[in-house]
There are 2 protein chains.
Amino acid sequence: MKATVLVRLKGEVLDVQGDAVRRALGKLGFDGVTDVRVGKIVEIEIDEVHARAPDLKERLQKMADEMLANPVIEDYEVRL
Amino acid sequence: MKATVLVRLKGEVLDVQGDAVRRALGKLGFDGVTDVRVGKIVEIEIDEVHARAPDLKERLQKMADEMLANPVIEDYEVRL
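Residues numbered from 1 in each chain as written. Chains lettered and ligands numbered in written order. Predicted model: local features only at pLDDT ≥ 70, side-chain atom pairs only at ≥ 80, totals over all residues. Heavy atoms only, no water.

(A) Main features of the relation of the copies chain A and chain B. Note on the identical chains: chain A maps onto chain B by a rotation of 180 degrees and an axial translation of 0.0 Å, with an RMSD of 0.0 Å. Such a combination of rotation and displacement between the chain copies is what one expects of a two-fold axis. If distances are taken from each C-alpha of chain A to the rotation axis, the shortest is found for Lys40 of chain A, at 2.3 Å. Interface overlap between copies is the fraction of interface residues in one copy that are interface residues in the other; for chain A against chain B it reaches 100%, indicating a shared surface. (Least-squares fit on C-alpha atoms with pLDDT ≥ 70 in both. Contact = heavy atoms within 4.5 Å.)

Below, the structure written as C-alpha cells:
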C-alpha cells in the first residue's frame, strides 16, 4: 500500500522558495498569483505485512517527526 | 482560491533522495518500507478575479510546464 506524507512550512515561516516562484510567475505573465508555498510530498510504499499493522498511522507520524519533517519549522499531514 | 500543483519524478527516473530516505528509515527501525518517492507540492493562491477565469486550469498547466516542473524528468498534476 502507499501512504503519503505532506510536509509544509508552518504558516508563520517565510517561504523563500515560494516567494521566488511567485515573483517569477509574475514576470512570466501569470497575473493574479498572490501567494505561493512550496512543500514536499513523500510517497511511501509499505509491504503487505506492515500495512496491516494497527499502529501504521502512528508509525508514519513517528517517521515524519523523526526524519521527514523538521517539526520546528514544518507541519506534516499523514494520508493513508 | 487555492490551487495545488503536485510535481513528481517520472516513474522511470531514479529518485536518489527517495532512496536515501528509504535506507535511512530502515536504519531508524522502520521496517516494511519498500519504496519512497519525494516530490513537490506547490500551493498557489489566486485572487478572486483570476480564479473566475474559464481557462484557469490551462493557465496552471502552463505554469507547471514552463516553471514548476521539468517535463523531461517530472510529471505534474493540477488540482483545483
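So, next bit.
(B) Region of the structure containing the pairing of strand β1 (residues 2-9) of chain A. Two elements, β1 of chain A and strand β2 (residues 33-46) of chain A, share six bridges in a ladder whose sense is antiparallel. Residue pairing in the sheet places Lys2 of chain A in a bridge with Glu45 of chain A of β2 of chain A. (Pairing = 2+ DSSP bridges. Helix = DSSP H or I, 4+ residues; strand = E, 2+ residues; numbered from the N terminus.)

(C) How the structure looks around the pattern of salt bridges. With the rule as written, the count across this model stands at 15 salt bridges over all chains. Put simply, Glu48 of chain A and Arg52 of chain A hold a salt bridge, and the shortest N to O gap is 3.9 Å. Each member of the pair, Glu48 of chain A as well as Arg52 of chain A, carries the same accessibility label: exposed. Note that Asp75 of chain B is salt-bridged to Lys10 of chain B, the shortest N-O span being 3.2 Å. Of this pair, Asp75 of chain B sits in strand β3 (residues 74-79) while Lys10 of chain B is found in the loop between β1 (2-9) and α1 (16-27), placing the two residues 65 residues apart along the sequence. (Salt bridge = Lys/Arg side-chain N within 4 Å of Asp/Glu carboxyl O. Buried < 20%, exposed > 50% of the residue type's maximum accessible area, 1.4 Å probe, protein only.)

(D) Spatial organisation of the packing of helix α1 (residues 16-27) of chain A against helix α3 (residues 56-68) of chain B. Orientation of α1 of chain A relative to α3 of chain B, taken along the N-to-C sense of each, is 110 degrees, at an axis distance of 11 Å. By the criterion of interaxial angle, the relationship of α1 of chain A to α3 of chain B is roughly perpendicular. Viewed along their axes, α1 of chain A and α3 of chain B form a crossing whose handedness is right-handed. Between α1 of chain A, through Val21, Ala24 and Leu25 of chain A, and α3 of chain B, the contact on the second element is made entirely by Met63, Met67 and Leu68 of chain B. (Axes fitted to C-alpha atoms, helices over the stretch in contact; angles between N-to-C directions. Parallel < 35°, antiparallel > 145°, perpendicular 65-115°, else oblique. Left-handed = near helix turned anticlockwise from the far one by under 90°.)

(E) Structural detail: the confidence of the model for chain A. Predicted confidence across chain A gives a mean pLDDT of 94, with 100% of residues reaching 70 or more. The ipTM assigned to the predicted complex is 0.89, against a pTM of 0.91. (pLDDT = per-residue confidence, 0-100.)

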